[in-house]
Amino acid sequence: MKVAEYFEKANGQTLISFEVLPPLKGGGMKAIFDTLDPLMEFKPPFVDVTYHREEFIYNKRESGYYEKTAIRKRPGTVGICASIMHRYGVDAVPHLICGGFTKEETENVLIDLNFLNIQNVLCLRGDARKFETKFVPQAGGHNYALDLVGQVQGMNKGLYLDTNIKDGEKTDFCIGIAGYPEKHFESPNMDLDLGFTKQKIEAGANYIVTQMFFDNKKYFEYVELCRKNGITVPIVPGLKPLTKLYQLNSIPRMFYINLPHDLVDAITKAKTKEAIKEVGIEWCIQQSKELKAAGVPCLHYYTMGDTATIKRIVEAVY
Ligand code: FAD
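Below is a summary of the structure that appears in this document. (Residues numbered from 1 in each chain as written. Predicted model: local features only at pLDDT ≥ 70, side-chain atom pairs only at ≥ 80, totals over all residues. Heavy atoms only, no water.)

### Here's the deal with the overall build of the chain
Rules: Elements are defined by DSSP. Helices are runs of H or I of four residues or more, strands are runs of E of two residues or more, and each kind is numbered from the N terminus. In this setup the radius of gyration rests on C-alpha atoms only. A globule is expected at 2.2 Å times the number of residues raised to 0.38. In this scheme, a residue with accessible area under 20% of its type's maximum is buried, one over 50% is exposed, and one in between is partly exposed, where area comes from a 1.4 Å probe on protein chains only. Contacts were defined at the residue level, with two residues in contact if any of their heavy atoms lie within 4.5 Å.
Scanning the chain from terminus to terminus reveals eleven helices and ten strands. Against the 2.2 N^0.38 benchmark of 20 Å for 318 residues, the chain shows a C-alpha radius of gyration of 20 Å, consistent with a compact globule. With respect to the principal axes defined by its C-alpha atoms, the chain has extents near 65 × 65 × 45 Å. Relative to its full complement of 318 residues, the chain shows a buried share of 49%. Long-range pairs, those at least 24 residues apart, make up 74% of the contacts in the chain with a sequence separation of at least 6.

### Comments concerning the packing of helix α4 (residues 103-115) against helix α5 (residues 145-156)
Note the following rule: Note on geometry: axes are lines fitted to C-alpha atoms, helical ones only across the stretch in contact, with angles between N-to-C directions running from 0 to 180 degrees. Any angle from 65 to 115 degrees is called roughly perpendicular, while one under 35 is roughly parallel, one over 145 is roughly antiparallel, and all others are oblique. Helix crossings get a hand from a simple test, with the near helix turned counterclockwise from the far one by less than a right angle marking a left-handed crossing and a clockwise turn marking a right-handed one. All amino acids are sorted into three groups, where Ala, Val, Leu, Ile, Met, Phe, Trp, Tyr, Cys and Pro are nonpolar, Asp, Glu, Lys and Arg are charged, and the leftover types, Gly among them, are polar.
The N-to-C vectors of α4 and α5 enclose an angle of 45 degrees; their axes lie 11 Å apart at closest approach. By the angle between their axes, α4 is oblique relative to α5. Judged by the sense of rotation from one axis to the other, the crossing of α4 with α5 is right-handed. Along the contact surface, α4 presents Lys 103, Thr 106, Glu 107, Leu 110 and Ile 111, while α5 presents Leu 148, Gln 151, Val 152 and Met 155. Residues of the contact of α4 with α5, tallied by class, amount to five nonpolar, two polar and two charged.

### Structural notes on α4
Our working definition: Take the residue count of a helix, subtract one, and multiply by 1.5 Å to get its expected span. To be clear, the arc concerns the directions from the helix axis to the C-beta atoms.
Compared with the 18 Å implied by 1.5 Å per residue over 13 residues, the 18 Å span of α4 between its first and last C-alpha is a close match. Residues of α4 that are buried include every one of Thr 106, Glu 107, Val 109, Leu 110 and Leu 113, and no others. One side of α4 carries all its buried residues, which in axial view fall inside an arc of 160 degrees. Every exposed residue of α4 that faces more than 90 degrees away from the buried side is listed here: Glu 104 and Phe 115. As for α4, its buried residues are in contact with α3 (78-88), β5 (91-97), β6 (120-124) and α5. Immediately downstream of α4, the backbone of Asn 117 shows phi near 60 degrees, a positive value.

### Section: the nonpolar core
Condition: Here, the term nonpolar core denotes a set of buried Ala, Val, Leu, Ile, Met, Phe, Trp, Tyr and Cys residues that are joined through side-chain atoms within 4.5 Å.
One finds Ile 84 and Tyr 301 to be the most contacted residues of the largest nonpolar core, which totals 93 residues. Leaving out residues up to four positions away in the same chain, Ile 84 has contacts with Val 20, Met 29, Ile 32, Leu 36, Val 47, Val 49, Gly 89, Val 90 and Ala 92.

### So, the packing of helix α10 (residues 273-293) against helix α11 (residues 307-317)
Where α10 contacts α11, the two axes come as close as 9 Å, and the packing angle between them is 40 degrees. Relative to α11, α10 is oriented oblique. In this structure, the crossing between α10 and α11 has a hand that is right-handed. Only Thr 309, Arg 312, Ile 313, Ala 316 and Val 317 of α11 make contact with α10, whose side of the interface consists of Lys 277, Glu 278, Ile 281, Cys 284, Ile 285, Ser 288, Lys 289 and Lys 292. A class-by-class count of the residues in the contact of α10 with α11 yields six nonpolar, two polar and five charged.

### A word on the pattern of salt bridges
Definition in use: Salt bridge, as used here, is a side-chain nitrogen of Lys or Arg placed within 4 Å of a carboxyl oxygen of Asp or Glu.
Counted according to the given criterion, the structure contains 17 salt bridges. Glu 54 is the partner of Arg 53 in a salt bridge, and the nearest nitrogen-oxygen pair spans 3.5 Å. The two residues Arg 53 and Glu 54 agree in class, both being buried. Salt bridges linked by common partners bring Arg 53, Glu 54, Arg 72, Arg 129 and Glu 132 together as one network.

### Observations regarding the site of the ligand
The line we're drawing: Residues are labelled near a given molecule or strand when at least one of their non-hydrogen atoms is within 4 Å of it. Pairs of N or O atoms are called polar contacts if they sit within 3.5 Å, as long as, within protein, a hydrogen donor faces a hydrogen acceptor (for residues adjacent in sequence, only side-chain-to-side-chain pairs). To measure how exposed things are, a 1.4 Å probe is used in the Shrake-Rupley method; for residues, cover is taken only from the protein chains shown.
Lining the immediate surroundings of the ligand are 24 residues, of which Tyr 51, Asp 127, Tyr 180, His 184 and Lys 200 lie closest. One nitrogen or oxygen atom from the main chain of Arg 125 is found 2.9 Å from an oxygen atom belonging to the ligand. With respect to the ligand, the side chain of Lys 200 contributes an N or O atom lying 2.6 Å from an oxygen atom. Surface burial for the ligand is 87%, taken as the share of its 970 Å² of free accessible area covered by protein chains. For the shell around the ligand, the secondary-structure elements that each account for two or more residues are β5, β6, α5, α6 (190-202) and β8 (207-212).

This is the structure:
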C-alpha cells in the first residue's frame, strides 16, 4: 500500500515509522533484521531505507602517491526493501537520490521496484560527497530532487526515457520528499526553499518527511508556513534522539540544525555517558508526546542502528 493511503486511512491517528541504513558492503541483512525485529511490535506500516552515494577514498601507492577511488560503501536498496517486505509484511520505502545515478540507471531501478510491487519512493537530491564542497550532479543525471520527482511521475504516466516506448506500463509510485523546518542550508532563505518544495508537490510528490529537529516549535512553524504557502500534503516529523556528548557539535555540523539551549544545558550538566543518554532519550520522548498530541500524521524515527534507544522512546509514547 502507498504511504499516502496509510495517512488517509489513519483517521487522524498518529502512525509510526522507522528509517534504517543499508549494511556496509560485505555485510548481510542480519544488521537490518537485528534493528527491525524488536521494533515490529509497534506495527509500523512502512520502513524507509536510506541510499548512500559512492565516496572517494585515497589509497597510498608504493610510489608514495595517493590514488583516488570511488567506492559505494553501502549497496543499493532494492533487494533490502524486497527483503523487508517479505519478512515483515510491511511496506518499504527506498530512498532515491540524484547523486551517482544517470537518468537511465534511475529508470532501471524504478522498473525493478515496480516489478517487486514496491509502490513507494522518497525522492532526494543527496548531499555532496566527502571531500567535495558542493553537490556535483552525475553526468546524465538529475540536478535537483524536483527533476527526480518529475521522472517518477513521468513513469506513473507511462513515460519512459526511450520515447519509442508508446504503450509503456504506467507505474503507480507514491512519492515522498524532504522538508527542512530550519531551512535547507544551501537555500538563501525560507521563502525560496518553500517555493522549491511547493514545486516538488506540484510535480507529483504526495508527502513530506522533515529533517530532524530538536525544538518542536520549529516543526509547528514550518507546517504553518507550508500551509500559508499552499502546501497541503501531510508533513511527517523526522526524529532522532541525541545520546552522546560529541553530538552537540556533530549534529549541527552535519545536519545544519540548531539545538535548543535547554537541551544543550541539560546534556552538558549530565555527569556520565549514561546520564547524557538519559537526557537525550527523555527529550525525544517529550518531543514525540507533544507531536502526537498535536495529531501529526506519523512519527518517523531515524534509528541509526540504535534499536534499544528507539524502542524505549516508542514504548514511552505509545
Ligand atoms: P533539493 O530539493 O534538490 O534541494 C536542494 C537545494 O536546492 C535546496 O537548497 C533547495 O532550496 C534548492 N533547490 C531545489 N530545487 C531547485 C531548483 N529547481 N533550482 C534551484 N534550486 C533548487 N541523503 C542521502 O544521500 N541519502 C538518503 O537516503 C537521504 N535521506 C534523507 C531523508 C530525509 C527525510 C531528509 C530530510 C534528508 C535526507 N537526505 C538523504 C539528505 C538530502 O539528500 C540532503 O538534505 C540534500 O542536501 C538535499 O536534498 P533535497 O532532496 O532536499 O534536495
